[in-house]
Amino acid sequence: MKRPRVRLLAIVPPALPAAARLRGLRGVALALGCDAATIAGAAPEAEVILYSSLAGGTPPFRDVWPHTGPSLRWVHSFEAGVDRLLTPELAASAVRVTNARGVYTESLAEFAVLGVLWFAKQARRLVEQQRARRWEQFEVELARGRTAAVVGYGAVGRTCAGALRKLGMKIVPVGRAETAEREKLHAILGQADVLLAAAPLTPATRHLLDAAAFAALKRGGIVINVGRGPVVDEAALIAALQAGQVGGAALDVFEREPLPPEHPFWAMENVLLSPHATDRTRTPHWTELGMRCFLANFSRYRRRLPLLTPVNKAAGY
Ligand code: GLV
């Protein structure tokens, strides 16, 4: 018996390099694009939606949802974080959600290492002295033997922890049990030289890292965020950086993206700033990695096998 064609709506920029892989799929009626007409035309009949919230130009999922119909079974997030996808309606529905869990973790972990070393070795000073042809010796820190508290111990947190361990750092995982009780979190931060945030954005993690958390951190500690911007209270982080309580911050994610031009972070010497691009690897190409994850799930979906990267919609990741 011939299987019915799967109606797949891919809400990704049509120029996405890996999008070509979708055009070759057999047994699939494909609609691809992120413009309003494509979405309004294809969403009502779609059975599967591939949705990217960050690859550029896609509307928020709350604008997509009203167009979807009763045939929708499954939505896959091209990103690991589903905070821009998981609307209350989608969460309450029977539609399954999967994500790019584990796909971009290696590059994030390398950024975490960069963040630690950037401040330990005063990389900004090195660059500036070289530019000025100034021979000025100074002392540096050793990462080995230092402690990193890793807040959010999922795929990203674990991979970062593995990379920091290779530097000889001691890792203290901070999962939901610890973040649920602020005293526990703050007690851990009191031992930490590095606070690495790798948590998904959920109502429970929004501004989890606030003024009290930064005050609890060892004086001069380094903050690294490779998860989601709003997990950090940026106003509190700025104040802690200005006071020297936090010694430096390496940030790939922000409360508002793109970071507005007037934002204080741009001008802060003790901030290393990446425009949410540290997951965008060239080789293998990040969109290829993301597409492979979708296609691996899609092949199982067609064979009615359990999907590989299910999202717990109640938990939000
Ligand atoms: C990127 O930020 C992701 O969530 O994968």
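Residues numbered from 1 in each chain as written. Predicted model: local features only at pLDDT ≥ 70, side-chain atom pairs only at ≥ 80, totals over all residues. Heavy atoms only, no water.

> It is not clear to me how the site of the ligand should be interpreted in this structure. Could you clarify?
Around the ligand, the neighbouring residues are Leu54, Glu79, Ala80, Gly81, Tyr104, Arg228, His276 and Asp279. Ala80 places a polar main-chain atom, nitrogen or oxygen, 2.7 Å from an oxygen atom of the ligand. Along the lines of polarity and charge, the residues of the shell around the ligand split into three nonpolar, two polar and three charged. (Near = heavy atom within 4 Å. Polar contact = N/O pair within 3.5 Å; in protein donor to acceptor, adjacent residues only side chain to side chain. Nonpolar A, V, L, I, M, F, W, Y, C, P; charged D, E, K, R; others polar.)

> I keep staring at the side chain of His76 and nothing clicks. Help me out?
With respect to the secondary-structure elements, His76 resides in strand β4 (residues 74-77). You can call His76 buried: its relative accessible area is 0%. Among the polar contacts made by the side chain of His76, one reaches the side chain of Thr98 at a distance of 2.7 Å. What His76 contacts, discounting residues up to four positions off in sequence, is Ile49, Leu50, Tyr51, Thr98, Asn99, Ala100, Cys293, Phe294, Asn297 and Thr309. (Helix = DSSP H or I, 4+ residues; strand = E, 2+ residues; numbered from the N terminus. Buried < 20%, exposed > 50% of the residue type's maximum accessible area, 1.4 Å probe, protein only. Contact = heavy atoms within 4.5 Å.)

> Please clarify how the nonpolar core should be interpreted in this entry.
In globular proteins that are soluble, nonpolar side chains generally tend to be buried together. Membership of the largest hydrophobic core comes to 32 residues, with the highest contact counts inside it found for Leu209, Phe214, Leu237 and Phe265. Those elements giving two or more residues to this core turn out to be β6 (147-151), α9 (182-189), β8 (194-197), α10 (211-216), α11 (234-242) and β10 (246-251). No other element matches α11, which puts five residues into this core. Those residues in contact with Leu237 that sit more than four places away from it in its chain are Phe214, Val223, Val232, Val246, Ala249, Leu251 and Phe265. (Core = buried A, V, L, I, M, F, W, Y, C linked by side-chain atoms within 4.5 Å.)

> What is the right way to look at the side chain of Thr147 in this model?
You can see Thr147 is positioned in strand β6. Relative accessible area serves as the criterion here: at 9%, Thr147 is assigned to the buried category. When residues no more than four places from it in sequence are discounted, the contact partners of Thr147 are Met169, Lys170, Val172, Gln191, Ala192, Asp193 and Val194.

> Honestly, the sheet that holds strand β1 (residues 6-11) in this entry has me stumped. Any pointers?
Taking strand neighbours across the sheet as the criterion, the five strands line up as β2-β1-β3-β4-β5 in an open arrangement whose pairing is parallel. Edge positions in the sheet fall to β2 (28-32) and β5 (96-98), since each has one partner strand and no second. Taking each pair of neighbouring strands and ignoring which way they run, the sheet shows an average axis angle of 15°. Relative to β5, β4 runs parallel, the two sharing three bridges. By the bridge assignment for β5, Trp74 is matched with Arg96. (Pairing = 2+ DSSP bridges. Axes fitted to C-alpha atoms, helices over the stretch in contact; angles between N-to-C directions.)

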